[in-house]
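# Survey of secondary and tertiary structure
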There are 2 protein chains.
Amino acid sequence: MTRALTSAERALDMLREAILRGELPAGARLGEVELAERLGVSRTPVREALSRLAAEGLVQLVPNRGARVATWTVDELEGVFELRALIEPQLTALAVPQATVADVDELDAVAHEMQRIGAPGPGQDLDALVPLNRTFHDRLVTLAGHPALAAALAGVVHPPIVVRNFHAYDEASLRRSLAHHVEIVAALRAGDPEWARAVMTAHIRNARAVMVRAAAANVLDLGPARPASRTRAENRVLAPEKSWHPRETEHPRETEHPREKETP
Amino acid sequence: MTRALTSAERALDMLREAILRGELPAGARLGEVELAERLGVSRTPVREALSRLAAEGLVQLVPNRGARVATWTVDELEGVFELRALIEPQLTALAVPQATVADVDELDAVAHEMQRIGAPGPGQDLDALVPLNRTFHDRLVTLAGHPALAAALAGVVHPPIVVRNFHAYDEASLRRSLAHHVEIVAALRAGDPEWARAVMTAHIRNARAVMVRAAAANVLDLGPARPASRTRAENRVLAPEKSWHPRETEHPRETEHPREKETP
DNA sequence: CTCTCCGAGATTGCATGCAACGTAGGGCTG
DNA sequence: CAGCCCTACGTTGCATGCAATCTCGGAGAG
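Residues numbered from 1 in each chain as written. Chains lettered and ligands numbered in written order. Predicted model: local features only at pLDDT ≥ 70, side-chain atom pairs only at ≥ 80, totals over all residues. Heavy atoms only, no water.

By the naming in an unreviewed UniProt entry, chain A is DNA-binding transcriptional regulator, GntR family, taken from Geodermatophilus sabuli.

Further remarks concern the overall build of chain A. What chain A contains, in helices and strands, is nine helices and three strands. The helix and strand sequence of chain A, counted from the amino end, reads α-β-α-α-β-β-α-α-α-α-α-α. Each of the 264 residues in chain A was classed as buried or not, and the buried ones make up 46%. Long-range pairs, those at least 24 residues apart, make up 77% of the contacts in chain A with a sequence separation of at least 6. For chain A, the computed accessible surface area is about 13400 Å², with 54% contributed by carbon and sulfur atoms. (Helix = DSSP H or I, 4+ residues; strand = E, 2+ residues; numbered from the N terminus. Buried < 20%, exposed > 50% of the residue type's maximum accessible area, 1.4 Å probe, protein only. Contact = heavy atoms within 4.5 Å. Areas by Shrake-Rupley, 256 points an atom, 1.4 Å probe, with all protein chains shown as cover.)

Turning next to the packing of helix α8 (residues 171–190) of chain A against helix α9 (residues 193–216) of chain A. Residue and element names in this part refer to chain A. At their nearest, the axes of α8 and α9 sit 8 Å apart, and the two run at 165° to each other. As far as their axial angle goes, α9 and α8 are roughly antiparallel. As for how α8 packs across α9, the hand of that crossing is left-handed. Taken together, the residues of α9 that come into contact with α8 (itself represented by Ser173, Arg176, Ser177, His180, His181, Glu183, Ile184, Ala186, Ala187 and Ala190) are Trp195, Ala196, Val199, Met200, Ala202, His203, Asn206, Val210 and Arg213. Per-class residue counts for the contact of α8 with α9 are 10 nonpolar, six polar and three charged. (Axes fitted to C-alpha atoms, helices over the stretch in contact; angles between N-to-C directions. Parallel < 35°, antiparallel > 145°, perpendicular 65-115°, else oblique. Left-handed = near helix turned anticlockwise from the far one by under 90°. Nonpolar A, V, L, I, M, F, W, Y, C, P; charged D, E, K, R; others polar.)

In the vicinity of DNA strand C lie 19 residues, with Arg47 of chain A together with Ser7, Ser42, Thr44 and Arg65 of chain B positioned nearest. Backbone atoms, meaning sugar and phosphate, form 72% of the atoms of DNA strand C found within 4 Å of the protein. The contact in question runs from a phosphate oxygen of DNA strand C to an N or O atom on the side chain of Arg47 of chain A, over 2.5 Å. Residue Asn64 of chain A places a main-chain N or O atom 3.1 Å away from a phosphate oxygen belonging to DNA strand C. Contributions of two or more residues to the surface near DNA strand C are made by β1 (29–30) and α3 (43–56) of chain A together with α1 (7–20) and α3 (43–56) of chain B. Per element, the largest residue contribution to the surface near DNA strand C is three residues, and it comes from α3 of chain B. Of the residues contributing to the surface near DNA strand C, the split by class is five nonpolar, eight polar and six charged. (Near = heavy atom within 4 Å. Polar contact = N/O pair within 3.5 Å; in protein donor to acceptor, adjacent residues only side chain to side chain.)

A few words now on the pattern of salt bridges. In total, this model carries 38 salt bridges over all chains according to the counting rule given. A salt bridge links Glu56 of chain A to Arg16 of chain A; the shortest N-O distance between them is 2.5 Å. Of this pair, Glu56 of chain A sits in helix α3 while Arg16 of chain A sits in helix α1 (residues 7–20), and the two are 40 residues apart along the sequence. By relative accessible area, Glu56 of chain A is classed as partly exposed at 21%. Ionic contacts of the salt-bridge type, sharing partners, join the residues Glu32, Arg43 and Arg47 of chain A together with Glu48 of chain B into one network. (Salt bridge = Lys/Arg side-chain N within 4 Å of Asp/Glu carboxyl O.)

As a further point, take the protein's contact with DNA strand D. Residues in close proximity to DNA strand D total 21 residues, the closest being Ser7, Ser42, Thr44 and Arg65 of chain A together with Arg47 of chain B. Interatomic distance of 3.5 Å between a backbone N/O atom of Ala8 of chain A and a phosphate oxygen of DNA strand D. Mapped by element, the contributors of at least two residues to the surface near DNA strand D are α1 and α3 of chain A together with β1 (29–30) and α3 of chain B. Among the elements that line the surface near DNA strand D, the one with the most residues is α3 of chain A, at three residues.

With that settled, consider the interface of chain B and chain A. Listed per partner, the contact involves 26 residues of chain B and 24 residues of chain A. Together chain B and chain A conceal approximately 2000 Å² of surface at their shared face, both sides included; 72% is due to carbon and sulfur atoms. Its largest share of buried area at the contact with chain A, chain B owes to Arg52, Pro63 and Leu86 of chain B, together 24% of the area lost on that side. Our count for the contact surface shared by chain B and chain A stands at two salt bridges. Two residues, Glu48 of chain A and Arg47 of chain B, come together in a salt bridge whose shortest N-O distance is 3.3 Å. Between the two partners, chain B and chain A, sit four residue pairs in polar contact (both at pLDDT 80 or more). (Buried area = accessible area lost by both parts, 1.4 Å probe.)

Residues and elements named next belong to chain A. One can describe the packing of helix α6 (residues 126–143) onto α8 by two numbers: an axis separation of 13 Å at closest approach and a directional angle of 30°. By the criterion of interaxial angle, the relationship of α6 to α8 is roughly parallel. Of the two possible hands of crossing, α6 and α8 adopt the one that is left-handed. The residues of α8 that touch α6, namely those facing Leu126, Leu129, Asn133, Phe136, His137 and Leu140, are Leu174, Leu178, His181, Ile184, Val185 and Leu188. The residue inventory of the contact of α6 with α8, partitioned by class, reads nine nonpolar, three polar and no charged.

A separate point is the sheet that holds β1 of chain B. Residues and elements named next belong to chain B. Spatial strand order, β1-β3-β2: three strands in an open sheet with antiparallel pairing. Each edge of the sheet is formed by a strand with only one pairing partner; in this case those strands are β1 and β2 (59–62). Note that β1 and strand β3 (residues 66–69) share two bridges and pair antiparallel. Looking at β3, one finds that Arg29 is bridged to Arg68. (Pairing = 2+ DSSP bridges.)

Inspection of the entire model under this criterion finds two aromatic pairs over all chains. Note on Phe166 of chain A and Tyr169 of chain A: the rings are 5.3 Å apart at their centroids and 25° apart in plane angle, and the pair reads as stacked. (Phe/Tyr/Trp six-rings, centres within 6.5 Å; stacked < 30°, edge-to-face > 60°.)

As a further point, take helix α6 (residues 126–143) of chain B. Residues and elements named next belong to chain B. Here α6 is 18 residues long and its end C-alpha atoms lie 26 Å apart, about the 26 Å a rise of 1.5 Å per residue gives. If you check which residues of α6 are buried, you get Leu126, Leu129, Val130, Leu132, Asn133, Phe136, His137, Leu140, Val141 and Leu143. Looking one or two places after α6, you find Gly145, whose phi comes out positive at around 65°. (Expected span 1.5 Å × (residues − 1).)

This next bit is on the relation of the copies chain B and chain A. In screw terms, the move from chain B to chain A is a rotation of 180° and a rise of 0.1 Å along the axis, fitting with an RMSD of 0.1 Å. Overall, the copies show the geometry of a two-fold rotation axis. Taking C-alpha positions as reference, the residue of chain B nearest the rotation axis is Arg52 of chain B, located at 2.4 Å. Here 92% of the interface residues in chain B have copies in chain A that are interface residues too; the copies meet face to matching face. (Least-squares fit on C-alpha atoms with pLDDT ≥ 70 in both.)

With that settled, consider the sheet that holds β1 of chain A. Read from one edge to the other, the open sheet built from three strands follows the order β1-β3-β2 (chain A), with strand pairing classed as antiparallel. Across the chains shown, the open sheet's two edge strands, defined by having one partner strand only, are β1 and β2 (59–62) of chain A.

Structure representation (structure tokens):
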């Protein structure tokens, strides 16, 4: 039987998921009391969760000034992609001899499902690609049977997940990206580690190029620039209110005080 | 002026240093009240520090059962070395065009000092190598000007620092290791990134081999094995008592209750 | 009109108290 | 004598209260 989670753990999981899913946008202020009320606990476990998220790099914590969802500069994101480009191809190569037929079939299904959903046309659903993509990479990385490396990767790969905007992909890049998945599956079936490694390298460098271009065009939501003079607008409200009631609190506050919105 | 640190930050820094310096051995139990007394604060900031260290992977935190200094399996340590072998050569290569003459001179001094201190004979002081080694690698990694990658590396490199036992090196491996440092400096001076990358790769794989061999011989202090049935001996006392009074507490406890010692 | 200073309100940092959980030891039963 | 349960103790998890710090509005001087 799996041990009951503590309040702090629940808070940690929910906050992390909310950040990774983009419900808490980069730069959003994380007030302790507000989060505590939402989660139905006191400030103590919330503080603990924020500390741990800060250590994970998902939250920036400034003493006496509170916590906000971490923001990333383009340079930092490039660094992350560099790191992925070093690690993931290696893990992919290691996964090749480990993968069973069932494993490969599963990845195959995910890869083709992604191609279906990502195909241009009325059925296209770019947001649905995000969890599938996460699944694909997670499975592959796990297959390598190298938990320490995988953990290291996961600890660093968070930022780009936040900026996991498939909307930033142009038509050609998206097609390439989805084709890479399928090709990696083919390499797995063929039992060719170097093939798999090469495709994964291309896959990540393709993604990196998309990110860089999107950043240049200011398409990515990186949050307020790091050393920016704090503008009034940093106080934008947390999240789409409706998607965030992890516990039914009996707080029918009449109208959330509507703070000011984006800078023009 | 640098902002004053909070109690939790002080606790975090002292705990991390104590763990990295080996004063708190792997597997040591970390009682909240005991740490709080030592640091002269209440349990709250201690708990916060432990949470963050847990997120960093230096501490294992089990709900309702307390915290202990993290232990690592040989597999995990190998994973860390694999990761270093992927990242550090890359950072070293990047550092080559960035390094100024002054930078290289400094690294040169460190490398030669290490050779002097590590040379066999009466002047040899293996423990003094540890901080110098840390300095050398930190400087080099910083020079690459790639903070994100460097941070990722630092977040993962902790475990081997704990097992930073230069005593595990045999004569030949140690000589090689120290020679590598000097050779890397030479590559920096020559402005040859590929040379530097290659030597760093060799350097890390050499260290990895030492670690694996030492682990096989059970020389490394990895702490109690991970899934081990908890033996009574896990309760061994924290640290060499004398080296650990970061604040003079007025607790002249007559005799620390002498718990039982190692398993035979 | 702009800049500086100041104070009320809001928020965080930390200490403390209490309840819940885990652990260890002793007595009872088979 | 071995094995089990039950109780007492120690430790952790969380809530709450208070002091310290920060934010932000406005008043006043230049």
